[in-house]
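The primary structure of each chain is shown beneath.
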Amino acid sequence: MTLNLRKPMIAGNWKMHLSLGQSVELAKSVRDATENAPGEVALCVPFTAIAVVAEAIKGSHLRLGAQDLYWGAQGAFTGEISAGQLVDAGCSHVIIGHSERRRLFGDSDDWINRKLKAALAAKLIPIVCVGETLEERKSEKTFSILEGQLAAGLKGFAPAELAPLVLAYEPVWAIGTGVTATPAQAQEVHAFLRRQAGKLFGDGFAAGQRILYGGSVTAENADNLMAQPDIDGALVGGASLKAAAFARIANFQVPARAPARRG
Ligand code: PEP
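Residues numbered from 1 in each chain as written. Predicted model: local features only at pLDDT ≥ 70, side-chain atom pairs only at ≥ 80, totals over all residues. Heavy atoms only, no water.

Undergrad: Tell me what's going on with the overall build of the protein chain, and back it up with residues and numbers.
TA: Each helix and strand in the protein chain was counted, giving 11 helices and eight strands. Computed over C-alpha atoms, the radius of gyration of the protein chain comes to 17 Å, within 12% of the 18 Å expected from 2.2 N^0.38 for 263 residues, which places it in the range of a compact globule. Taken along its principal axes, the extent of the C-alpha atoms in the protein chain is 45 × 45 × 40 Å. In the form shown here, the protein chain has an accessible surface area of approximately 11,800 Å², with 54% of it arising from carbon and sulfur atoms. Computing the positive centroid from 27 side-chain charges and the negative centroid from 25, the protein chain places the two 3 Å apart. (Helix = DSSP H or I, 4+ residues; strand = E, 2+ residues; numbered from the N terminus. Rg over C-alpha atoms; globule rule 2.2 N^0.38 Å. Areas by Shrake-Rupley, 256 points an atom, 1.4 Å probe, with all protein chains shown as cover. Lys, Arg positive; Asp, Glu negative; His and termini not counted. Charge placed at Lys NZ, Arg CZ, Asp CG, Glu CD.)

Undergrad: Give me helix α11 (residues 243-250): which residues, what numbers.
TA: The set of residues buried in α11 consists of A245, F246, A247, I249 and A250. Looking at the buried residues of α11, the elements they touch are β1 (9-13), α1 (20-33), β2 (40-44), α10 (222-226) and β8 (233-236). (Buried < 20%, exposed > 50% of the residue type's maximum accessible area, 1.4 Å probe, protein only. Contact = heavy atoms within 4.5 Å.)

Undergrad: Could you give an account of the side chain of H98, naming the residues involved and the relevant values?
TA: Within the secondary structure layout, H98 lies in the loop between β4 (93-96) and α4 (99-105). Among the residues examined, H98 registers a relative accessible area of 5% and is labelled buried. At 2.9 Å, the side chain of H98 forms a polar contact with the backbone nitrogen of E100. When sequence neighbours within four positions are dropped, the list of residues in contact with H98 reads N13, K15, C129, E170 and I175. (Polar contact = N/O pair within 3.5 Å; in protein donor to acceptor, adjacent residues only side chain to side chain.)

Undergrad: Help me get a handle on the site of the ligand, residues and values and all.
TA: Looking at the ligand, there are 14 residues lining it, with K15, G176, S216, G237 and G238 nearest. K15 is positioned with one of its side-chain polar atoms (N or O) 2.6 Å from an oxygen atom of the ligand. Separating an oxygen atom of the ligand from a side-chain N or O atom of H98 is a distance of 2.8 Å. Within the complex, the protein chains bury 95% of what would otherwise be the 290 Å² of accessible surface of the ligand. Its residues assigned to classes, the shell around the ligand comprises four nonpolar, eight polar and two charged. (Near = heavy atom within 4 Å. Nonpolar A, V, L, I, M, F, W, Y, C, P; charged D, E, K, R; others polar.)

Undergrad: Please set out the packing of aromatic side chains residue by residue, giving values where relevant.
TA: Counted by the stated rule, this structure contains six aromatic pairs. Relative to F205, the ring of F201 has its centre 5.0 Å away and its plane inclined at 50°; by these criteria the two rings are tilted. Note on F201: relative accessible area 13%, which makes it buried. Clustering of aromatic rings is evident, with ring pairs tying together Y70, W71, F77 and W111. (Phe/Tyr/Trp six-rings, centres within 6.5 Å; stacked < 30°, edge-to-face > 60°.)

Undergrad: Let's hear about the packing of helix α5 (residues 109-121) against helix α7 (residues 142-153): which residues, and what values?
TA: Relative to each other, α5 and α7 sit at 45°, their axes nearing to 8 Å. Between α5 and α7, the interaxial angle falls into the category oblique. The way α5 lies across α7 gives a crossing that is right-handed. Judged by residue contacts, D109, I112, N113 and L116 of α5 engage G148, Q149, A152 and G153 from α7. Looking at side-chain class alone, the contact of α5 with α7 contains three nonpolar, four polar and one charged residues. (Axes fitted to C-alpha atoms, helices over the stretch in contact; angles between N-to-C directions. Parallel < 35°, antiparallel > 145°, perpendicular 65-115°, else oblique. Left-handed = near helix turned anticlockwise from the far one by under 90°.)

So, in structure tokens, the structure goes:
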């Protein structure tokens, strides 16, 4: 079966924000304002909000994700949440390796690899984040850092196992800073990531690989980013907490895109 896997995706990352009541209200507003969005729309919410948001958006076009998971199936792992528990609570997606997890909580490439394995085994769609720091960019290490993160994070999988994979390029210097990569900067890295995916898993795989951009995406800059040929969507932090801004991003407007296929 040949799947068109480069359907655009706009995913919101609510991080550690909002009460349950505010979560339900925001989810419903986004649902109503994105019914005709050109791509998939996902909300990645705090663990505590998953069940209530799942109920609020039931039967709608919205997809629901978590922001992390643990690779164990069950057991004495205080404070952790398994892939199975996420599915049980209503998730279809999960973010893995967000730079805040890597930087503040010590998530290593090896952990990301284990989390990816657990997510895929539970049939969750993994959104795996990679990105360089400002220092790394300034010292021209962007491509070597990304090459390393990709190779280690995706190690040991056959291309077919990674069919559901979504990659997110999130330059650390652009996250929550208000500084967005220019469309040209983002495109350059997305094209590089696609070439790397080709080296690791073959050209057919790479041609169908969805790669989202994340880092201060707003209602104002989303269209220009989405117009780039290798940008397939956005992972949105701050702007995903405002229904109107997030809906505008999800309803991005660009000239028609040619379908790409993973064959
Ligand atoms: C993020 O946290 O994934 C993110 C991209 O945040 P922001 O949009 O706020 O930069």
